[in-house]
Amino acid sequence: LVFTEEDKYGLYSNLLFKCFLAEGVVCGHDLFVASAKDHPDNILKELPAPLLDDTHRNELGEEATAVKSEDFQDSMKIAWRYQNLPKMEASPTTSTKFGHYYDVSKTMSPELSQSIKWHSFYLPEELSSQPKMKTCNMNSAYARLLHSLQRIIYQEGFDGSDPQKKQKNILRIGIQSLGSMLWGDDICSSDTPEDIHSLTKFLYVLRGLLRKSLSACIITVPAHLIQNKAIMERVTNLSDTVVGLESFIGSERETNPLYKDYHGLVHVHQIPRLNSLICDVSDTKDLAFRLKRKLFTIE
């Protein structure tokens, strides 16, 4: 369970969310996209285009030349004896390549996105199709989402506890802006929410579903709107990986010369460590992201 704290305007977290889903398409996984804001069909139409091997090298080369021209002024200040030393290779070599790169300026071709099986959950449609639903003191939107997920995991053969006849595949689940007002939850609007445990109950059941099925899930949450910090601590304990994106838009860091090359910071709050009671801690504390013409990079 990958938990992402959204940046203030949801620009970059949305990009990360789409990259996670795009990676699923390229790897041939099944997708499940849930949202109360954007229609899942529109999210899938806007997935970034993958840079497959040849194009990937060209694109990275273009990015590098763009960066080099910026570096030219700086190179004047570098002592001449260091100037001709080879620069370190910034992009991983193909033999150790893990995952794919994406061109965020283009969208994925419809042929590629239609090649995989995907399921969608759009809250306004679900509410109109099933007006009443019995819930055990959990927000009804969350209960519907769990019900829908459970049905797909059991019917489509992702249930790990049940031996499957057909070829195994992985289900990639993406849930957008969970906990926001659009999901009918009030954790973002008041310090003492009416149903304070709704989100944590949902995550607890979801985590149980993920543990016994062949699936991985990314959730984005507008954490900056949640006033009650205790809720965020509980949510962190119920997730495996927790990352926060902090955008510089509108903050004093935007004009800080130290951050002039970047668009925001990445905070790694938690990394999973298997079969251990304590979670792993990131080695590097200082991570920043930037959106260069085509690539979204974290450095």
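Rules and cut-offs
Residues numbered from 1 in each chain as written. Predicted model: local features only at pLDDT ≥ 70, side-chain atom pairs only at ≥ 80, totals over all residues. Heavy atoms only, no water. Helix = DSSP H or I, 4+ residues; strand = E, 2+ residues; numbered from the N terminus. Polar contact = N/O pair within 3.5 Å; in protein donor to acceptor, adjacent residues only side chain to side chain. Salt bridge = Lys/Arg side-chain N within 4 Å of Asp/Glu carboxyl O. Buried < 20%, exposed > 50% of the residue type's maximum accessible area, 1.4 Å probe, protein only. pLDDT = per-residue confidence, 0-100. Contact = heavy atoms within 4.5 Å.

1. Points about the side chain of Ser-198
Move 1: Within the secondary structure layout, Ser-198 lies in helix H8 (residues 198-211).
Move 2: A distance of 2.7 Å separates the side chain of Ser-198 from the backbone nitrogen of Asn-139, its partner in a polar contact.

2. As for the pattern of salt bridges
Move 1: Within the structure shown, the criterion is met by 7 salt bridges.
Move 2: A salt bridge links Asp-240 to Arg-211; the nearest nitrogen and oxygen atoms lie 2.8 Å apart. With Asp-240 in the loop between helix H9 (229-237) and strand E8 (241-247) and Arg-211 in helix H8, the pair connects residues that are 29 residues apart, well separated along the chain.
Move 3: Overall, Asp-240 belongs to the buried group, its relative accessible area being 14%.
Move 4: Among the salt bridges present, the one from Glu-299 reaches Arg-290, with a minimum N-O distance of 3.0 Å.
Move 5: The structure contains a network of salt bridges with shared partners spanning Arg-207, Arg-211 and Asp-240.

3. A closer look at the confidence of the model for the protein
Move 1: Residues of the protein with pLDDT of at least 70 account for 81%, and the chain-wide mean is 82.
Move 2: This model gives residues 76-82 a pLDDT under 50, and the stretch forms 1 contact once residues within four places in sequence are excluded.
Move 3: In the model, residues 86-95 has pLDDT below 50 throughout and makes 5 contacts with residues more than four positions away in sequence or in other chains.

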